[in-house]
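Single-letter residue listing:
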Amino acid sequence: MSFDKWFNSQSTLLKVILLIIPFVGWIVELLVRLSVMLTKKDVVSIVVFLLFLLIGWGWFLCIIDLIYMIVTGHLLFA
């Protein structure tokens, strides 16, 4: 089972808790995006992974992903 499928199968409350913890949230998002990139192997997944790897450590992208995940149930572009 891939990490993105495991993450998406969790409850919304657990996903929020995993994303809201500062360093843990970045690692979880990185693992989800890496899992999607390795599964899909398309240009969008590779670009999103590299973008998140370079500037995803900032709080701005994490907040956007958190809000998007609460509304839709999954991460943005993942």
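So, here's what we can say about the structure. Computed from a prediction, not measured in an experiment: that's the story for all the values here.

## Description of the pattern of salt bridges
Piece 1. Per the counting criterion, the structure on display carries 2 salt bridges.
Piece 2. The residue Glu29 makes a salt bridge to Arg33 at a minimum N-O spacing of 3.7 Å. Residue Glu29 and its partner Arg33 are both found in helix α3 (residues 22–40); the two are separated by 4 residues, about one turn of the helix.
Piece 3. We classify Arg33 as buried; its relative accessible area is 6%.
Piece 4. Residue Asp65 pairs with Arg33 through a salt bridge whose shortest N-O separation is 2.5 Å.

## Digging into the packing of aromatic side chains
Piece 1. Here the structure, examined in full by the defined rule, presents 3 aromatic pairs.
Piece 2. Here Phe3 and Trp6 contribute two aromatic rings whose centre-to-centre distance is 5.3 Å and whose plane-to-plane angle is 35°, an arrangement assigned as tilted. Linking Phe3 with Trp6, this pair stays in helix α1 (residues 3–9), spanning 3 residues, or about one helical turn.
Piece 3. On the basis of relative accessible area, Phe3 is assigned to the partly exposed category, the value being 27%.

Cut-offs applied
- Residues numbered from 1 in each chain as written.
- Predicted model: local features only at pLDDT ≥ 70, side-chain atom pairs only at ≥ 80, totals over all residues.
- Heavy atoms only, no water.
- Salt bridge = Lys/Arg side-chain N within 4 Å of Asp/Glu carboxyl O.
- Helix = DSSP H or I, 4+ residues; strand = E, 2+ residues; numbered from the N terminus.
- Buried < 20%, exposed > 50% of the residue type's maximum accessible area, 1.4 Å probe, protein only.
- Phe/Tyr/Trp six-rings, centres within 6.5 Å; stacked < 30°, edge-to-face > 60°.

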